[in-house]
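Secondary and tertiary structure notes
This is what each chain is made of:
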Amino acid sequence: MKYITHTPRKSDFVIWAVCSAVILIPSLSGFVLVGEDLLLILPLGILSFFMFNLLIRRSLTFKNYFISPINVLTSKMRSEVSMSIPKDLMFDKMIEVINDSKFKLTVSDKSNYEILATTGISWFSWGENIYISIEGEGEETTMKICSVTFFQVYSWGRNERNYNDLLKGIEESLTV
Amino acid sequence: MAIVVNLDIMLAKRKMKLKELSVLVGVSTVNLSILKQSKVKAIRFSTLDSICKALNCQPGEILEHVKS
(Lines give C-alpha, C1' and ligand atoms only; values in the text may rest on other atoms or scores of the structure.)
Protein backbone atom coordinates (compact mmCIF):
# COMPACT_ATOMS: atom_id res chain seq x y z
CA MET A 1 0.00 0.00 0.00
CA LYS A 2 1.12 3.52 -0.77
CA TYR A 3 0.04 6.38 1.48
CA ILE A 4 -0.02 10.02 0.46
CA THR A 5 -1.16 12.28 3.26
CA HIS A 6 -2.17 15.90 2.89
CA THR A 7 -2.17 17.72 6.20
CA PRO A 8 -4.35 20.82 6.67
CA ARG A 9 -2.55 24.03 5.77
CA LYS A 10 -1.96 26.83 8.25
CA SER A 11 -3.40 29.27 5.72
CA ASP A 12 -6.82 27.60 6.26
CA PHE A 13 -6.78 28.80 9.84
CA VAL A 14 -5.81 32.33 8.76
CA ILE A 15 -8.72 32.43 6.26
CA TRP A 16 -11.06 31.24 8.98
CA ALA A 17 -9.81 33.87 11.44
CA VAL A 18 -10.19 36.70 8.90
CA CYS A 19 -13.69 35.57 7.89
CA SER A 20 -14.73 35.25 11.54
CA ALA A 21 -13.43 38.73 12.28
CA VAL A 22 -15.26 40.16 9.25
CA ILE A 23 -18.52 38.53 10.38
CA LEU A 24 -18.22 38.89 14.14
CA ILE A 25 -16.89 42.43 14.55
CA PRO A 26 -19.79 44.15 12.73
CA SER A 27 -22.23 41.77 14.41
CA LEU A 28 -20.94 42.57 17.87
CA SER A 29 -20.86 46.30 17.21
CA GLY A 30 -24.41 45.97 15.89
CA PHE A 31 -25.29 44.13 19.06
CA VAL A 32 -24.01 47.05 21.13
CA LEU A 33 -25.77 49.65 18.99
CA VAL A 34 -29.06 47.96 18.15
CA GLY A 35 -29.50 46.07 21.37
CA GLU A 36 -32.18 43.48 22.04
CA ASP A 37 -33.25 42.82 18.42
CA LEU A 38 -29.84 41.58 17.39
CA LEU A 39 -29.55 39.63 20.61
CA LEU A 40 -32.36 37.45 19.26
CA ILE A 41 -31.53 37.53 15.54
CA LEU A 42 -27.90 36.48 15.80
CA PRO A 43 -28.39 33.28 17.85
CA LEU A 44 -31.44 32.36 15.78
CA GLY A 45 -29.44 32.84 12.59
CA ILE A 46 -26.62 30.66 13.89
CA LEU A 47 -29.10 28.05 15.12
CA SER A 48 -30.92 27.91 11.78
CA PHE A 49 -27.61 27.63 9.91
CA PHE A 50 -26.60 24.81 12.26
CA MET A 51 -29.91 23.03 11.66
CA PHE A 52 -29.52 23.45 7.91
CA ASN A 53 -26.05 21.88 8.08
CA LEU A 54 -27.43 19.09 10.26
CA LEU A 55 -30.13 18.33 7.69
CA ILE A 56 -27.86 18.22 4.66
CA ARG A 57 -25.10 16.36 6.46
CA ARG A 58 -26.23 12.83 5.63
CA SER A 59 -26.38 13.29 1.88
CA LEU A 60 -23.73 12.80 -0.78
CA THR A 61 -25.28 15.62 -2.82
CA PHE A 62 -23.77 18.20 -0.48
CA LYS A 63 -20.34 16.57 -0.43
CA ASN A 64 -18.71 19.46 -2.28
CA TYR A 65 -20.17 21.95 0.18
CA PHE A 66 -18.59 20.21 3.15
CA ILE A 67 -15.22 19.39 1.60
CA SER A 68 -14.80 22.70 -0.20
CA PRO A 69 -11.77 24.75 0.94
CA ILE A 70 -14.06 27.79 0.91
CA ASN A 71 -16.17 26.27 3.69
CA VAL A 72 -14.23 27.58 6.67
CA LEU A 73 -16.72 26.20 9.19
CA THR A 74 -15.38 22.69 8.77
CA SER A 75 -11.98 21.18 9.46
CA LYS A 76 -10.87 18.81 6.74
CA MET A 77 -8.23 16.15 6.24
CA ARG A 78 -7.66 14.67 2.81
CA SER A 79 -5.68 11.51 2.15
CA GLU A 80 -5.15 8.98 -0.58
CA VAL A 81 -4.53 5.27 -0.28
CA SER A 82 -3.49 3.09 -3.20
CA MET A 83 -4.07 -0.65 -3.21
CA SER A 84 -3.74 -3.40 -5.76
CA ILE A 85 -7.30 -4.65 -5.42
CA PRO A 86 -9.91 -4.14 -8.17
CA LYS A 87 -12.30 -1.22 -7.77
CA ASP A 88 -15.48 -3.33 -7.42
CA LEU A 89 -13.95 -5.53 -4.77
CA MET A 90 -12.49 -2.56 -2.92
CA PHE A 91 -15.91 -0.90 -2.75
CA ASP A 92 -17.44 -4.01 -1.15
CA LYS A 93 -14.42 -4.35 1.12
CA MET A 94 -14.75 -0.75 2.33
CA ILE A 95 -18.42 -1.29 3.17
CA GLU A 96 -17.44 -4.39 5.15
CA VAL A 97 -14.67 -2.46 6.94
CA ILE A 98 -17.01 0.42 7.82
CA ASN A 99 -19.70 -1.95 9.10
CA ASP A 100 -17.13 -3.64 11.35
CA SER A 101 -15.81 -0.33 12.69
CA LYS A 102 -17.10 2.48 14.91
CA PHE A 103 -18.25 4.38 11.82
CA LYS A 104 -21.83 4.36 10.64
CA LEU A 105 -22.41 3.68 6.96
CA THR A 106 -24.76 6.44 5.84
CA VAL A 107 -24.72 6.38 2.03
CA SER A 108 -23.09 4.01 -0.42
CA ASP A 109 -23.34 4.79 -4.13
CA LYS A 110 -21.88 1.98 -6.23
CA SER A 111 -22.56 3.75 -9.54
CA ASN A 112 -20.14 6.54 -8.62
CA TYR A 113 -18.05 4.45 -6.20
CA GLU A 114 -18.68 6.85 -3.34
CA ILE A 115 -19.26 6.11 0.32
CA LEU A 116 -20.32 8.39 3.15
CA ALA A 117 -19.71 7.26 6.71
CA THR A 118 -20.40 9.28 9.84
CA THR A 119 -19.37 9.25 13.48
CA GLY A 120 -21.54 10.08 16.44
CA ILE A 121 -21.55 13.16 18.65
CA SER A 122 -18.94 13.26 21.40
CA TRP A 123 -17.62 15.78 23.95
CA PHE A 124 -15.11 17.10 21.43
CA SER A 125 -17.12 16.94 18.24
CA TRP A 126 -20.55 17.28 16.67
CA GLY A 127 -19.59 14.24 14.61
CA GLU A 128 -17.56 13.86 11.48
CA ASN A 129 -18.35 12.92 7.90
CA ILE A 130 -15.96 10.59 6.13
CA TYR A 131 -16.22 10.78 2.35
CA ILE A 132 -14.58 7.95 0.44
CA SER A 133 -14.35 7.90 -3.33
CA ILE A 134 -12.80 4.93 -5.09
CA GLU A 135 -11.04 5.41 -8.38
CA GLY A 136 -8.82 3.26 -10.52
CA GLU A 137 -8.49 0.90 -13.41
CA GLY A 138 -7.70 -2.79 -13.52
CA GLU A 139 -5.89 -4.04 -10.46
CA GLU A 140 -4.85 -0.65 -9.10
CA THR A 141 -7.28 1.30 -6.96
CA THR A 142 -6.91 4.69 -5.32
CA MET A 143 -9.15 5.64 -2.45
CA LYS A 144 -9.62 9.31 -1.72
CA ILE A 145 -10.57 9.73 1.90
CA CYS A 146 -11.76 13.05 3.31
CA SER A 147 -12.68 13.38 6.96
CA VAL A 148 -14.68 16.53 7.72
CA THR A 149 -15.81 17.85 11.07
CA PHE A 150 -19.33 19.15 11.24
CA PHE A 151 -19.74 22.84 12.19
CA GLN A 152 -16.38 22.87 13.89
CA VAL A 153 -13.22 24.69 12.81
CA TYR A 154 -10.81 22.62 14.90
CA SER A 155 -11.01 18.84 14.83
CA TRP A 156 -9.13 18.08 18.10
CA GLY A 157 -7.31 15.36 16.16
CA ARG A 158 -10.55 13.55 15.32
CA ASN A 159 -9.95 13.67 11.56
CA GLU A 160 -6.51 12.12 11.93
CA ARG A 161 -7.90 9.49 14.30
CA ASN A 162 -10.69 8.62 11.86
CA TYR A 163 -8.19 8.21 9.05
CA ASN A 164 -5.92 6.03 11.16
CA ASP A 165 -8.86 3.90 12.38
CA LEU A 166 -10.01 3.40 8.80
CA LEU A 167 -6.53 2.37 7.65
CA LYS A 168 -6.19 0.03 10.63
CA GLY A 169 -9.55 -1.51 9.70
CA ILE A 170 -8.43 -2.06 6.11
CA GLU A 171 -5.12 -3.60 7.23
CA GLU A 172 -6.87 -5.92 9.70
CA SER A 173 -9.45 -6.97 7.15
CA LEU A 174 -6.70 -8.15 4.82
CA THR A 175 -6.05 -11.01 7.20
CA VAL A 176 -8.68 -13.63 6.42
CA MET B 1 4.03 -12.36 -4.80
CA ALA B 2 5.90 -15.61 -4.25
CA ILE B 3 2.91 -17.30 -2.67
CA VAL B 4 0.13 -18.11 -5.12
CA VAL B 5 -3.36 -19.06 -3.95
CA ASN B 6 -4.88 -21.78 -6.11
CA LEU B 7 -8.34 -21.44 -4.67
CA ASP B 8 -9.99 -20.95 -8.08
CA ILE B 9 -8.42 -24.22 -9.34
CA MET B 10 -9.64 -26.12 -6.29
CA LEU B 11 -13.11 -24.61 -6.63
CA ALA B 12 -13.24 -25.66 -10.28
CA LYS B 13 -12.07 -29.19 -9.38
CA ARG B 14 -14.76 -29.50 -6.70
CA LYS B 15 -17.34 -27.77 -8.95
CA MET B 16 -18.11 -25.38 -6.15
CA LYS B 17 -18.95 -21.70 -6.31
CA LEU B 18 -17.30 -19.04 -4.19
CA LYS B 19 -20.60 -18.23 -2.53
CA GLU B 20 -21.09 -21.86 -1.46
CA LEU B 21 -17.58 -21.95 -0.02
CA SER B 22 -18.25 -18.67 1.76
CA VAL B 23 -21.25 -20.22 3.53
CA LEU B 24 -19.32 -23.39 4.43
CA VAL B 25 -16.22 -21.57 5.69
CA GLY B 26 -17.93 -18.59 7.31
CA VAL B 27 -15.80 -16.02 5.49
CA SER B 28 -17.40 -13.31 3.35
CA THR B 29 -17.30 -13.63 -0.44
CA VAL B 30 -15.38 -10.35 -0.60
CA ASN B 31 -12.61 -11.80 1.58
CA LEU B 32 -12.56 -15.05 -0.39
CA SER B 33 -12.35 -13.08 -3.65
CA ILE B 34 -9.39 -11.13 -2.30
CA LEU B 35 -7.81 -14.39 -1.10
CA LYS B 36 -8.39 -15.97 -4.52
CA GLN B 37 -6.51 -13.09 -6.14
CA SER B 38 -3.60 -13.54 -3.69
CA LYS B 39 -4.11 -9.99 -2.38
CA VAL B 40 -4.45 -10.84 1.29
CA LYS B 41 -1.73 -10.01 3.80
CA ALA B 42 -2.17 -13.14 5.90
CA ILE B 43 -4.35 -16.20 6.32
CA ARG B 44 -5.38 -17.62 9.67
CA PHE B 45 -4.81 -21.33 10.33
CA SER B 46 -8.47 -21.58 11.34
CA THR B 47 -9.55 -20.21 7.94
CA LEU B 48 -7.15 -22.53 6.13
CA ASP B 49 -8.47 -25.44 8.17
CA SER B 50 -12.08 -24.56 7.29
CA ILE B 51 -11.24 -24.20 3.57
CA CYS B 52 -9.40 -27.55 3.57
CA LYS B 53 -12.37 -29.21 5.29
CA ALA B 54 -14.86 -27.68 2.86
CA LEU B 55 -12.83 -28.53 -0.24
CA ASN B 56 -11.52 -31.83 1.15
CA CYS B 57 -7.93 -31.01 0.26
CA GLN B 58 -4.50 -30.27 1.73
CA PRO B 59 -3.13 -26.75 2.40
CA GLY B 60 -0.46 -27.42 -0.22
CA GLU B 61 -3.13 -27.75 -2.86
CA ILE B 62 -4.37 -24.25 -2.09
CA LEU B 63 -1.09 -22.48 -1.43
CA GLU B 64 1.87 -22.71 -3.75
CA HIS B 65 5.31 -21.11 -3.62
CA VAL B 66 6.55 -19.71 -6.91
CA LYS B 67 10.15 -18.56 -7.37
CA SER B 68 10.07 -14.89 -8.34
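Conventions we followed
Residues numbered from 1 in each chain as written. Chains lettered and ligands numbered in written order. Predicted model: local features only at pLDDT ≥ 70, side-chain atom pairs only at ≥ 80, totals over all residues. Helix = DSSP H or I, 4+ residues; strand = E, 2+ residues; numbered from the N terminus. Buried ≥ 20, exposed ≤ 12 C-beta atoms within 10 Å, placed from the backbone. Contact = placed C-beta atoms within 7 Å. Nonpolar A, V, L, I, M, F, W, Y, C, P; charged D, E, K, R; others polar. pLDDT = per-residue confidence, 0-100.

The helix and strand inventory of chain A stands at 5 helices and 6 strands. The order of α-helices and β-strands along chain A, N terminus first, is β-α-α-α-β-α-β-β-β-β-α. The burial tally for chain A puts 25% of its 176 residues in the buried class.

Attention now moves to the environment of A:Asn99. Residues and elements named next belong to chain A. Tracing the sequence through the fold places Asn99 in helix 4 (residues 87-99). Asn99 gets classed as exposed once you count the C-beta atoms within 10 Å, which come to 12. C-alpha of Asn99 to C-alpha of Ile145: the two residues are 46 residues apart in sequence and 16 Å apart in space.

Right, let's get into the interface of chain A and chain B. Taken together, the contact between chain A and chain B spans 9 residues of the former and 14 residues of the latter. Residue composition of the side of chain A that touches chain B, by class: 4 nonpolar, 2 polar and 3 charged.

So, about the environment of B:Ser68. Residue and element names in this part refer to chain B. The residue Ser68 is located in the segment after strand 2 (63-65) in this model. Here Ser68 falls in the exposed class, since 6 other C-beta atoms lie within 10 Å of it. Separated by 66 residues in the primary sequence, Ser68 and Ala2 have C-alpha atoms spaced 5.9 Å apart.

In this model, chain B carries an average pLDDT of 90, and 99% of its residues clear a pLDDT of 70 or more. The secondary structure element of chain B with the lowest average pLDDT is strand 1 (residues 3-5) of chain B, at 89, and the one with the highest is helix 4 (residues 45-55) of chain B, at 93.

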